[in-house]
Amino acid sequence: MTSTPGPNNALVLISGARFGLQKTLPLILGIAFGVAFQLMAIGLGLHQIFLHFPQLQFILSLIGSAYILWLAWKIASSGPLNACLDEKPAMGFLQGAVFQWLNPKAWMMSISTISTYFATSQQSTDIAYAAFILMLISIPCVGIWAIAGNFLRQLLMQAKFAFIFNLSMAIALLIAVLPVCFQFITLQP
């Protein structure tokens, strides 16, 4: 799941295009650490809180979805890359790690992993091992998106291509929050 389109990979793709692979590496490592930490936190007890208070999980999903929708808007309304204007610093390790707590896809991945593979066993060593494996797997799976962004850099400086690309990335982010939107719509009064 860490290699499929979603909020993390859209951010990494855009960062790779704007700042290159080397400056995007801290973001990639932060995302890998963040998803692993989130998986551990959920596996070691956070899921019990969500079982008792499902509204809390839903509220966190709404907050994360609102942030993702804002990101989608910012991406869709941005123009072509302008190397001269892209002097602001790339997102770093901490931003990548913290972003997982706002990312509905990361929540779904962590919760479904714990529910599927650790429903009968809450062994902390097993969960820590799974989190470590997830972190290792995430680095190349997310990193390939930075490489793609770096590859697309010259094309993204062209207005027509940038418009199509930005709109496509915004739509990918919108698709990532659809499950939360459907959950909100289907709530019973």
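If you're wondering where the values come from, they're calculated on a predicted model, not measured in any experiment.

Enquirer: Looking at this structure, I do not really get the overall build of the protein. What am I missing?
Expert: Helix and strand counts for the protein stand at 6 helices and 0 strands. Ordering the α and β elements of the protein from the N terminus gives α-α-α-α-α-α. Each of the 189 residues in the protein was classed as buried or not, and the buried ones make up 41%. Put simply, of all contacts in the protein between residues at least 6 apart along the chain, 87% involve residues at least 24 apart. Carbon and sulfur atoms make up 73% of the accessible area of the protein, which amounts to about 10400 Å² in all.

Enquirer: Would you take a moment to explain the nonpolar core for this structure?
Expert: Buried together is how nonpolar side chains tend to be arranged in soluble globular proteins. Within the largest apolar cluster, 25 residues are counted, with the highest numbers of intra-cluster contacts made by V12, L156, F165, M169 and L173. Listing elements by their share of this core, those giving two or more residues are α1 (7-52), α2 (54-76), α5 (124-152) and α6 (159-185). Examining the composition of this core, we find that 9 residues originate from one element, α1, more than from any other. Once residues within four sequence positions are removed from consideration, F165 is found in contact with L13, I14, L152 and L156.

Enquirer: When you look at a nonpolar patch on the surface in this model, what are you seeing that I'm missing?
Expert: A cluster of nonpolar side chains, L69, F163, I164, L167, I171, L174, I175 and L178, forms an exposed patch at the surface whose accessible area comes to about 700 Å². With 7 residues, α6 is the largest single contributor of residues to the nonpolar patch.

Enquirer: How should the UniProt feature "transmembrane region" (unreviewed entry) in the protein be read in this particular structure?
Expert: Mapped onto this numbering, the UniProt entry gives "transmembrane region" (unreviewed entry) at residues 25-46, 58-76, 127-149 and 161-185. The straight-line gap between the two end C-alpha atoms of residues 58-76 is 26 Å; of that span, 100% is helix and 0% is strand. Taken end to end, residues 127-149 comprises 100% helix and 0% strand; its first and last C-alpha atoms sit 33 Å apart.

Enquirer: Would you mind going over helix α4 (residues 104-117) with me for this structure?
Expert: An α-helical segment advances 3.6 residues per turn. Residues three or four places apart therefore align on the same side. Look at α4: 20 Å from first C-alpha to last across 14 residues, which is about the 20 Å you get at 1.5 Å a residue. Taken together, the buried positions of α4 are occupied by P104, K105, A106, W107, M109, S110, I111 and I114. The opening residue of α4, the one whose side-chain oxygen lies 3.0 Å from the backbone nitrogen of K105, is N103.

Enquirer: I would appreciate a short explanation of the packing of aromatic side chains in the present structure.
Expert: Two measures describe an aromatic ring pair: the distance that separates the ring centres and the angle between the ring planes. This model, assessed by the stated rule, comprises 7 aromatic pairs. With 5.6 Å between their ring centres and 35 degrees between their planes, F33 and F93 make a pair best called tilted. With F33 in helix α1 and F93 in helix α3 (residues 93-99), this residue pair connects regions lying 60 residues apart in the sequence. You can call F33 partly exposed: its relative accessible area is 37%. Taking the centre distance of 6.4 Å and the plane angle of 15 degrees together, the rings of F161 and F165 count as stacked. Highlighted residues: F161 and F165, both in helix α6, separated by 4 residues, approximately one helical turn. Judged by its relative accessible area of 9%, F165 falls in the buried class. One aromatic cluster is present, formed by F33, F37, F93, W101 and W107 through successive ring pairs.

Cut-offs and rules
- Residues numbered from 1 in each chain as written.
- Predicted model: local features only at pLDDT ≥ 70, side-chain atom pairs only at ≥ 80, totals over all residues.
- Heavy atoms only, no water.
- Helix = DSSP H or I, 4+ residues; strand = E, 2+ residues; numbered from the N terminus.
- Buried < 20%, exposed > 50% of the residue type's maximum accessible area, 1.4 Å probe, protein only.
- Contact = heavy atoms within 4.5 Å.
- Areas by Shrake-Rupley, 256 points an atom, 1.4 Å probe, with all protein chains shown as cover.
- Core = buried A, V, L, I, M, F, W, Y, C linked by side-chain atoms within 4.5 Å.
- Patch = residues over 30% accessible without salt bridge, like charges linked within 9 Å, V, L, I, M, F, W, Y side chains within 5 Å.
- Salt bridge = Lys/Arg side-chain N within 4 Å of Asp/Glu carboxyl O.
- UniProt positions renumbered as here; feature names shortened; annotations may be inferred.
- Expected span 1.5 Å × (residues − 1).
- Polar contact = N/O pair within 3.5 Å; in protein donor to acceptor, adjacent residues only side chain to side chain.
- Phe/Tyr/Trp six-rings, centres within 6.5 Å; stacked < 30°, edge-to-face > 60°.

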